[in-house]
Amino acid sequence: MTSVTESSVAEDGPLGSVELSIGGMTCASCANRIERRLNKLDGVTATVNYATEKAKVTFVEGVVPQDLIAEVEKAGYTAQLPAPPREQGEGEGGGGPEEPRDELRPLRARLITSLVLAVPVIAMAMIPPLQFTNWQWLSLTLAAPVVVYAGWPFHKAAWTNLRHGAATMDTLVSLGTIAALGWSLWALFFGTAGTPGMTHPFDFTIQRSDGSGNIYLEAAAGVTAFILAGRYFEARSKRRAGAALRALLELGAKDVAVLRGGAEVRIPSDQLAVGDRFVVRPGEKIATDGVIEEGASAVDASMLTGESVPVEVRPGDAVTGATVNAGGRLVIRATRVGSDTQLAQMARLVEEAQTGKAQVQRLADRISGIFVPVVIALALGTLGFWLGTGDGVGAAFTAAVAVLIIACPCALGLATPTALLVGTGRGAQLGILIKGPEVLESTRKIDTVVLDKTGTVTEGKMTLIEVHTADGQEQGEVLRLAGALEHASEHPIAQAVARGAAERVGTLPAIEDFANVEGLGVQGIVDGHAVLVGRPKLLAEWSQHLPVELERAFEGAQAAGRTAVAVGWDGMARAVLVVADTVKATSAEAIAALRALGLTPVLLTGDNEAVARTVAAEVGIEEVVAEVLPADKVDVVKRLQGQGRTVAMVGDGVNDAAALAQADLGLAMGTGTDAAIEASDLTLVRGDLRVAADAIRLSRRTLRTIKGNLFWAFAYNVAALPLAAAGLLNPMIAGAAMAFSSVFVVSNSLRLRGFK
């Protein structure tokens with residue numbers, strides 16, 4: 001099984017599709033550029049996702065994937081076809097898990113190099129007592145490798161951008177650091193800055209100079225180090241869609257007992273063929289989609305359907321791969337295998353939802369797209385103006401280079417990662433895991449929150465909630481006898497009764513002659529009593545009819561969408577036990593908190609309408625969508641988005657994974673499945689829905705902090721630009737502006753530690 005759509009031409013039309021892995025993207029504008037380039041090809045429709053580094057492309061007959069790869073490479077990036085299914089799905093030691101480590105290793109090496117070398121350069125430039133004789137030459141020795149080696153990814157990206165007439169954050173960083181290093185080299189070798197005993201005094205006087213005595217090495221090294229740190233933390237947190245798909249695929253059974261010539265033979269699940277008959281014992285996963293030929297059982301399909309009550313199945317019923325057999329031995333004939341199964345279709349839904357998710361443009365890049373051309377125009381204008389005034393080439397170049405240097409904001413490199421680091425760190429303390437900066441902007445616009453019922457609003461497991469006894473019957477005796485009998489059954493509802501009985505009456509007695517009556521219930525001897533537990537029909541067969549009050553209780557439970565079982569012994573119906581998935585104690589408070597944030601809650605579930613309405617009324621939700629399958633959950637989210645609503649989805653099951661990926665913001669309960677957690681944007685470590693409201697508040701606060709940081713990071717530089725253009729910028733003012741803006745950004749971010 002793989003995260004890839006077919007690259008061959010579809011049988012029902014001229015369209016084929018492929019998912020390419022894209023390399024070399026440094027920002028969202030790179031993704032936009034590749035997308036535009038691919039879409040210019042005749043018969044090609046492409047969407048490129050910066051977060052997952054994938055391009056989903058559909059094309060007409062006559063276009064081959066190699067044409068698409070060539071087009072991406074012409075744009076200055078790399079593209080690869082997906083690996084074959086077997087390779088991609090191989091064990092944990094396979095290629096997939098190694099990828100992030102390979103990506104981070106060179107980046108980490110550049111970051112460590114830049115930090116070790118840049119700190120002394122900045123210290124010497126900013127602290128006059130450290131400026132010993134010839135300190136400037138040591139600064140050059142340390143700063144040059146930082147700008148050239150550590151800053152190479154920025155220069156490479158800037159060159160790619162330049163070839164395509166675009167400007168991003170990389171362009172600004174590359175221009176500023178090369179200008180600072182280039183001017184410092186000129187001042188050291190051809191000006192007066194290389195003279196032994198030269199110092200940068202801590203002088204804030206504003207006066208014009210020819211720049212021959214000024215070096216800007218601390219700006220070049222500091223900017224490179226700070227922005228590399230930002231890139232490293234961003235790369236480390238960037239989510240990978242493949243992990244969600246691997247988590248989904250790992251849910252399937254690894255091997256299966258196939259019937260061959262009347263004997264059971266164990267084979268890997270991926271070798272199953274349509275028509276094979278295979279055996280599933282109690283507690284085992286069903287290997288693939290099929291139809292039951294022998295046996296009856298209860299199947300726990302909650303991970304796929306969200307239905308909290310296990311489904312009773314018998315010969316002729318269809319079952320789904322990856323669901324769990326909770327009861328007796330089954331013999332199943334395979335009807336769908338491999339990429340045709342429901343699990344495989346869910347994996348495709350998750351993948352498509354993630355690939356199609358609208359990417360939030362990084363704020364820094366959006367601003368840089370405007371800021372960079374303005375700065376370059378201003379630098380050229382400054383150069384032309386001072387050359388025209390006849391003040392000399394040195395003074396003209398000093399002013400022009402100063403414009404480029406002061407425009408390169410190291411605080412911009414810190415603005416997002418510092419706020420994100422503090423915000424995510426505080427979130428982790430509170431049980432909230434934020435996956436990356438692209439998540440935060442979604443939280444600002446959210447107006448609707450869709451809540452999966454089972455395991456999110458409710459506990460997600462069956463619990464004994466009511467005991468109705470006939471006149472003259474003791475509740476303790478009913479629970480003791482019924483609990484003992486149910487304890488011998490593997491059925492999830494029976495286990496809920498047994499658990500509830502043990503909690504209330506303590507140790508349960510032993511039983512004899514236990515028997516499972518297919519589709520009706522169980523019977524056996526407990527303490528000398530012939531006990532029956534199951535449907536009223538089972539008791540009626542033994543002439544034990546429910547009295548009016550018990551019949552009313554039974555019907556009332558069913559009307560509320562709960563599960564009820566009748567209990568009888570020694571020729572008489574004695575009680576009705578009601579089992580249901582209970583609402584979490586904190587859910588009503590959580591719904592109130594979400595409403596206080598201006599959000600409209602919607603309850604979404606695979607359960608029946610009656611159950612959903614009962615739960616919704618208990619927690620204060622008015623809008624309910626019930627009886628939906630996994631694919632329908634995605635459609636519900638799409639429908640709400642089509643109405644102009646911005647949707648957050650909270651869920652915990654595999655059945656929620658595709659909807660979590662489709663939603664503008666996905667929140668997974670950490671008590672849920674790996675597939676849900678990987679497909680989400682935020683993970684709530686505790687199974688407490690109140691944390692969802694905290695997560696949205698923290699994300700909004702972190703986003704406000706990032707925007708504040710970006711504003712001030714640019715404000716300092718913009719304020720100093722007129723001084724630079726006028727040729728009045730001395731290196732101490734440039735260094736102080738850089739340092740002060742960085743200190744402000746860091747301290748502003750640290751305020752997030754106080755979030756409650």
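Since the structure is predicted, the reported quantities are computational estimates derived from the model, not experimental observations.

### Digging into the layout of surface pockets
- Estimates place the volume of the second largest pocket at around 750 Å³.
- Lining the second largest pocket are 34 residues, with Glu-312, His-491, Gly-519, Leu-520 and Gly-521 sitting closest to its centre.
- For the lining of the second largest pocket, the secondary-structure elements that each account for two or more residues are β9 (297-300), β10 (311-313), α18 (492-505), β17 (511-517), β18 (521-526), β19 (529-534), α20 (548-559) and β20 (563-569).
- Looking at side-chain class alone, the lining of the second largest pocket contains 16 nonpolar, eleven polar and seven charged residues.

### Some remarks on the packing of aromatic side chains
- Within the structure shown, the criterion is met by five aromatic pairs.
- Aromatic pair Phe-711 and Trp-712: ring centres 5.1 Å apart, planes at 80°, arrangement edge-to-face.

### Considerations on the packing of helix α7 (residues 169-189) against helix α13 (residues 393-406)
- α13 packs onto α7 with a crossing angle of 145° between their chain directions and a minimal axis gap of 8 Å. Of the two elements, α7 crosses α13, and the hand of that crossing is left-handed. On α13, the residues touching Leu-175, Gly-176, Ala-179, Ala-180 and Trp-183 of α7 are Gly-394, Phe-397, Thr-398, Val-401, Leu-404 and Ile-405.
- Each residue belonging to the contact of α7 with α13 can be placed in one class, and the counts come to eight nonpolar, three polar and no charged.

### A word on the UniProt feature "transmembrane region" (unreviewed entry) in the protein
- The residues that UniProt annotates with the feature "transmembrane region" (unreviewed entry) are residues 111-129, 135-152, 172-195, 215-233, 367-387, 393-416, 709-726 and 732-750.
- The straight-line gap between the two end C-alpha atoms of residues 172-195 is 31 Å; of that span, 75% is helix and 0% is strand.
- As annotated, residues 709-726 has a helix share of 94% and a strand share of 0%, and its two end C-alpha atoms lie 27 Å apart.

### Description of the pattern of salt bridges
- Applying the stated criterion across every chain, the model contains 25 salt bridges.
- Two residues, Glu-294 and Arg-277, come together in a salt bridge whose shortest N-O distance is 3.0 Å. Separated by 17 residues along the polypeptide, Glu-294 in strand β8 (residues 289-294) and Arg-277 in strand β7 (residues 277-280) bring together distant segments of the chain.
- Judged by its relative accessible area of 29%, Arg-277 falls in the partly exposed class.
- Look at the salt bridges and you will find they share partners, linking Arg-277, Glu-293, Glu-294 and Arg-333 into a network.

### Quick notes on a nonpolar patch on the surface
- Taken together, the side chains of Leu-185, Trp-186, Phe-189 and Phe-190 present a nonpolar region at the surface, about 440 Å² in accessible area.
- One can find Phe-189 in helix α7.

### Digging into the packing of helix α21 (residues 587-596) against helix α26 (residues 690-725)
- One can describe the packing of α21 onto α26 by two numbers: an axis separation of 7 Å at closest approach and a directional angle of 25°. Between α21 and α26, the angle is such that the two are roughly parallel. Of the two possible hands of crossing, α21 and α26 adopt the one that is left-handed. Where α21 approaches α26, its residues Glu-589, Ala-590, Ala-593 and Leu-594 are matched on the opposing element by Arg-690, Ala-692, Ala-693 and Ile-696.
- Broken down by class, the residue content of the contact of α21 with α26 amounts to six nonpolar, no polar and two charged.

### Let's talk about the nonpolar core
- Ile-215, Leu-217, Phe-371 and Val-403 are the most contacted members of the largest nonpolar core, which totals 55 residues.
- Put simply, the parts of the chain that give this core at least two residues each are α4 (95-126), α5 (135-150), α7, α8 (217-237), α12 (363-389), α13 and α26.
- Sorting elements by how many residues they give to this core places α8 first, with ten residues.
- With near-sequence residues (within four places) excluded, Leu-217 lies in contact with Val-121, Gln-136, Ser-139, Leu-140, Ala-143, Leu-181, Ser-184 and Leu-188.
- Membership of the second largest hydrophobic core comes to 45 residues, among which are Leu-420, Ile-446, Ile-591 and Met-669.

### A word on the sheet that holds β10
- Across the sheet, which stays open at both edges, the three strands sit in the order β10-β9-β12 with antiparallel pairing between neighbours. Here the strands that pair on one side only, and so sit at the sheet edges, are β10 and β12 (324-325).
- Note: β9 against β12, two bridges, orientation antiparallel. Across the sheet, residue Asp-300 finds its bridge partner in β12, namely Val-324.

### Brief notes about unusual backbone geometry
- Its identity is not glycine, yet Asn-134 carries a phi of approximately 65°, on the positive side.
- Looking at the secondary structure, you find Asn-134 in the loop between α4 and α5.
- In this structure Asn-134 comes out as partly exposed when scored by relative accessible area, which is 33%.

### What about the environment of Ala-187?
- Within the fold, Ala-187 resides in helix α7.
- Considered as a pair, Ala-187 and Ser-212 are 25 residues apart in the sequence and their alpha carbons are 4.7 Å apart.

Definitions and cut-offs
- Residues numbered from 1 in each chain as written.
- Predicted model: local features only at pLDDT ≥ 70, side-chain atom pairs only at ≥ 80, totals over all residues.
- Heavy atoms only, no water.
- 1 Å grid on protein atoms, 1.4 Å probe; cavity = no way out; pocket = protein on both sides within 12 Å on 5 of 7 lines; lining within 4 Å.
- Points joined across faces, edges and corners; volume = space filled by probe spheres on them.
- Helix = DSSP H or I, 4+ residues; strand = E, 2+ residues; numbered from the N terminus.
- Nonpolar A, V, L, I, M, F, W, Y, C, P; charged D, E, K, R; others polar.
- Phe/Tyr/Trp six-rings, centres within 6.5 Å; stacked < 30°, edge-to-face > 60°.
- Axes fitted to C-alpha atoms, helices over the stretch in contact; angles between N-to-C directions.
- Left-handed = near helix turned anticlockwise from the far one by under 90°.
- Contact = heavy atoms within 4.5 Å.
- UniProt positions renumbered as here; feature names shortened; annotations may be inferred.
- Salt bridge = Lys/Arg side-chain N within 4 Å of Asp/Glu carboxyl O.
- Buried < 20%, exposed > 50% of the residue type's maximum accessible area, 1.4 Å probe, protein only.
- Patch = residues over 30% accessible without salt bridge, like charges linked within 9 Å, V, L, I, M, F, W, Y side chains within 5 Å.
- Areas by Shrake-Rupley, 256 points an atom, 1.4 Å probe, with all protein chains shown as cover.
- Parallel < 35°, antiparallel > 145°, perpendicular 65-115°, else oblique.
- Core = buried A, V, L, I, M, F, W, Y, C linked by side-chain atoms within 4.5 Å.
- Pairing = 2+ DSSP bridges.

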